[in-house]
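Coordinates in review
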Amino acid sequence: MSTGQLFSRTTQALFYNYKQLPIQRMLDFDFLCGRETPSVAGIINPGAEGFQKLFFGQEEIAIPVHSTIEAACTAHPTADVFINFASFRSAAASSMAALKQPTIRVVAIIAEGVPMSDTKQLIAYARSNKKVVIGPATVGGIQAGAFKIGDTAGTIDNIVQCKLYRPGSVGFVSKSGGMSNEMYNTIARVTDGIYEGIAIGGDVFPGSTLSDHILRFNNIPQVKMMVVLGELGGRDEYSLVEALKQGKVNKPVVAWVCGTCARLFKSEVQFGHAGAKSGGEMESAQGKNQALRDAGAIVPTSYEAFEAVIKETFDKLVEQGKITPLKEVMPPQIPEDLNSAIKSGKVRAPTHIISTISDDRGEEPCYAGVPMSSIVERGYGVGDVISLLWFKRSLPRYCTHFIEICIMLCADHGPCVSGAHNTIVTARAGKDLVSSLVSGLLTIGPRFGGAIDDAARYFKDAYDRGLTPYEFVEGMKKKGIRVPGIGHRIKRGDNRDKRVELLQRFARTHFPSVKYMEYAIQVETYTLSKANNLVLNVDGAIGSLFLDLLAGSGMFSKQEIDEIVEIGYLNGLFVLARSIGLIGHTFDQKRLKQPLYRHPWEDVLYTK
């Protein structure tokens, strides 16, 4: 066992098994104490590597994350404390691995329920190699104003109230972590506070004992008196009794062993900790208290008198000039986490993103306020989901069915169009699905796919202004603009596009009004009089019919319809639909194991 201080203001630790809250509490304590460097040098999270963002005061810092204990110790050779938050199943193995690292001096084991045989092996190895084990089943320890382990001493408010942000004159050791927090507060009320406090843990075989730490405290000049809080069960306190009898401790020791009420029970009682089970008179609280009193410790008559005895002992040391009362200092204010500040109503933080279409904060995701379970239970299809996410409302079934028909009709147009060609070439170059898909989607624009939006915009403007087909077409001609949605490379007046006919037939059957479609047909009649290939194509059919869907459904205002057309919703429909085909072309090329594409020389005109 070490003979002096375990920690200092420069002590750094490795934290095993990432736990955000206890690490942040350690860093907040560092800031409160005015440390220049964070006490957590690195985090060990088996199987993970990288960095974890946390706060050091108001500054956000990145703490390295390592996948193994060995890698962390190599990367941080000055970190000599290992804080183990592993479960009881792996705590012993990971603690032993840490103890075997030459850089690790202290191991704190938080887990309860570590097998006793494993704990004995850890203790034996630590003692033979002059290392220290705190725990198992411990909350850890703290050196006031310097370093703390995990959740020791609780919240920042409790730490400030207990004056743990600066060193006092009292060394404290206890079996219980919860009672340690209570005693820190008690000691702060009647003395100048804690210098160092340790909770050895409540298991039957603690890694270090009460007497181990009392003997350490006796060698620390800043510690002027010691306070011990034991409990019934086990015989750990008797090692302290022997140390007192042998004169190894020359500073006042105020001690109390909890559990005197056990005699009030007719049968043997198990108190909280695994070790708190009396096995006879020697292990009773009364027996231990008397033995400590006989050995020279200052033992009150009851726990209620503990505080007064501590105060009396401290006051005597002040009178004797052995303790100079500290001048109190005001610690810095710890910045409050934004989330907790918002919940408590202390701040109003502006948001950075607005979302009106979906929400995943509840028990299940919602699309436009409709829970996912309802979407499934009502038998909604893709068109319904689009209506919720794009238009923020549930459209009538004929509308969502029309949307689905458009997606099916536009899903693919063969391997020769620019989008499919780009996708095929990219897939054959060995690129992944997303890269291949995006290469095809990037060709969508004014000359490929964009005609749907433009057709809707121009047809709507012309119809709403009351232009005749002649005025509309000739007006576009004077501006040098081709009428979007009119014209086809293959289809003719006597060989219409089957897709256009399907859409028109569906609309006439289900739509309450098809005024924009009829206007587009009138425009087609006029353009066919000029050339047989100037037919209404699928872009023009979808564009005009979407205008009828928006206007005829009665669910959109004129302003909303204008906004939908202007934003480019219909181009989004084409992007969605064509993605299906482009993904298919990617899979097709990979399934066929096609080699890298190279365009044939004979298909290129080489000129000077």
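What counts, and where the lines are drawn
Residues numbered from 1 in each chain as written. Predicted model: local features only at pLDDT ≥ 70, side-chain atom pairs only at ≥ 80, totals over all residues. Heavy atoms only, no water. Helix = DSSP H or I, 4+ residues; strand = E, 2+ residues; numbered from the N terminus. Rg over C-alpha atoms; globule rule 2.2 N^0.38 Å. Buried < 20%, exposed > 50% of the residue type's maximum accessible area, 1.4 Å probe, protein only. Contact = heavy atoms within 4.5 Å. Areas by Shrake-Rupley, 256 points an atom, 1.4 Å probe, with all protein chains shown as cover. Lys, Arg positive; Asp, Glu negative; His and termini not counted. Charge placed at Lys NZ, Arg CZ, Asp CG, Glu CD. Pairing = 2+ DSSP bridges. Axes fitted to C-alpha atoms, helices over the stretch in contact; angles between N-to-C directions. Domains from an automatic or database assignment. Parallel < 35°, antiparallel > 145°, perpendicular 65-115°, else oblique. Left-handed = near helix turned anticlockwise from the far one by under 90°. Nonpolar A, V, L, I, M, F, W, Y, C, P; charged D, E, K, R; others polar. Salt bridge = Lys/Arg side-chain N within 4 Å of Asp/Glu carboxyl O. Phe/Tyr/Trp six-rings, centres within 6.5 Å; stacked < 30°, edge-to-face > 60°. Polar contact = N/O pair within 3.5 Å; in protein donor to acceptor, adjacent residues only side chain to side chain. Arc of directions from axis to C-beta.

It is worth spelling out the overall build of the protein at this point. Broken down by element type, the protein carries 23 helices and 16 strands. Taking 608 residues into account, the globule formula puts the C-alpha radius of gyration at 25 Å, and the protein, at 39 Å, lies well above it. When each of the 608 residues of the protein is scored for burial, the buried share is 49%. Taking contacts inside the protein between residues at least 6 apart in sequence as the whole, the part at least 24 apart equals 73%. Summing over all exposed atoms, the protein offers an accessible surface of approximately 29900 Å²; the carbon and sulfur share of this is 55%. Seen as two clouds, the 67 positive and the 62 negative side-chain charges of the protein have centres 4 Å apart.

This brings us to the sheet that holds strand S13 (residues 253-258). Taken together, the 6 strands give an open sheet; going across it, the order is S9-S8-S11-S10-S12-S13, and neighbouring strands pair in mixed fashion. Looking along the sheet, the strands with just one partner apiece sit at the ends: strand S9 (147-148) and S13. Judged from the 4 bridges that link them, strand S8 (residues 140-143) and strand S11 (residues 194-199) form a sheet pairing that is antiparallel. Across the sheet, the residue bridging to Gly 140 is Ala 199, located in S11. Strand contacts of helix H10 (residues 306-319): strand S12 (225-231) and S13, with the helix running at about 165° to S12, the strand carrying the most contacts.

Here we take up the domain arrangement of the protein. The accessible area lost on association of the parts is a frequent measure of interface size. You can read the domains of the protein as domain 1 (13-320) and domain 2 (411-592). One C-alpha centre belongs to domain 1, the other to domain 2; they are set 73 Å apart.

Here we come to the pairing of strand S4 (residues 59-66). Of the strand pairs in this sheet, strand S2 (residues 40-44) and S4 are connected by 2 bridges, and their pairing is parallel. Along S4, the bridge assignment pairs Ile 43 with Val 65. Across 7 bridges, strand S3 (residues 50-56) lies against S4 in antiparallel orientation. Paired with Leu 54 across the two strands is Ile 61, which belongs to S4. Hairpin connection between S3 and S4: a loop of 2 residues separates the two successive antiparallel strands, and Gly 57 in this loop has a positive phi of roughly 70°.

Turning our eyes to something else, we now look at the packing of helix H18 (residues 469-479) against helix H20 (residues 515-528). Each packed pair of helices is defined by two parameters, the angle between the axes and the distance between the axes. In contact at an axis separation of 9 Å, H18 and H20 are set at 65° when each is read in the N-to-C sense. The orientation of H18 with respect to H20, classified from their angle, is roughly perpendicular. For the crossing formed where H18 meets H20, the hand is right-handed. Only Tyr 519, Gln 522, Val 523, Tyr 526 and Thr 527 of H20 make contact with H18, whose side of the interface consists of Pro 469, Tyr 470, Phe 472, Val 473 and Glu 474. Counted by class, the contact of H18 with H20 contains 7 nonpolar, 2 polar and 1 charged residues.

Once that is clear, we can look at the pattern of salt bridges. Under the defined criterion, the tally for this structure stands at 28 salt bridges. Notably, a salt bridge pairs Glu 560 with Arg 393, separated by 3.1 Å at the nearest N-O pair. Of this pair, Glu 560 sits in helix H22 (residues 558-567) while Arg 393 is found in the loop between helix H13 (382-391) and helix H14 (397-410), placing the two residues 167 residues apart along the sequence. With a relative accessible area of 21%, Arg 393 lands in the partly exposed category. One salt bridge connects Glu 524 with Arg 496, and the closest N-O pair in it is separated by 3.3 Å.

Taking strand neighbours across the sheet as the criterion, the 7 strands line up as S3-S4-S2-S1-S5-S6-S7 in an open arrangement whose pairing is mixed. Each edge of the sheet is formed by a strand with only one pairing partner; in this case those strands are S3 and strand S7 (132-134). On average, adjacent strands in this sheet sit at an angle of 25° to one another, irrespective of strand direction. The pairing of strand S5 (residues 81-84) with strand S6 (residues 106-109) spans 4 bridges and is classified as parallel. By the bridge assignment for S6, Ile 83 is matched with Ala 108.

A separate point is the packing of aromatic side chains. Aromatic rings in a pair are described by how distant their centres are and how their planes are angled relative to each other. Under the criterion given, the structure shown has 18 aromatic pairs. Seen in terms of ring centroids, Phe 15 and Phe 85 are 4.8 Å apart; in terms of plane orientation they differ by 20°. Their pairing is stacked. With Phe 15 in strand S1 (residues 13-16) and Phe 85 in the loop between S5 and helix H3 (91-99), the pair connects residues that are 70 residues apart, well separated along the chain. Here Phe 15 matches Phe 85 in class, with each residue buried. With a centroid separation of 5.9 Å and 55° between ring planes, the pair formed by Phe 459 and Phe 472 is classed as tilted. With Phe 459 in helix H17 (residues 451-464) and Phe 472 in helix H18, this residue pair connects regions lying 13 residues apart in the sequence.

Among the structural elements, Ser 117 can be located in helix H4 (residues 116-128). Judged by relative accessible area, Ser 117 falls into the partly exposed class, the value being 46%. For the pair formed by Ser 117 and Ala 92, sequence separation is 25 residues and the distance between their alpha carbons is 9.8 Å.

What follows is about the side chain of Ser 211. Turning to its location among the elements, Ser 211 is positioned in helix H7 (residues 210-218). Side chain to side chain, Ser 211 and Ser 239 meet in a polar contact 2.7 Å long. Non-local contacts of Ser 211, meaning those with residues more than four positions away in its chain, are made with Ser 239 and Leu 240.

Turning to helix H16 (residues 433-441), a few remarks are in order. Within H16, the full set of buried residues consists of Ser 436, Leu 437, Ser 439 and Gly 440. The arc that holds the buried residues of H16, viewed along the axis, is 160°, so those residues lie on one side. Looking at the buried residues of H16, the elements they touch are helix H15 (418-428) and helix H23 (569-591).

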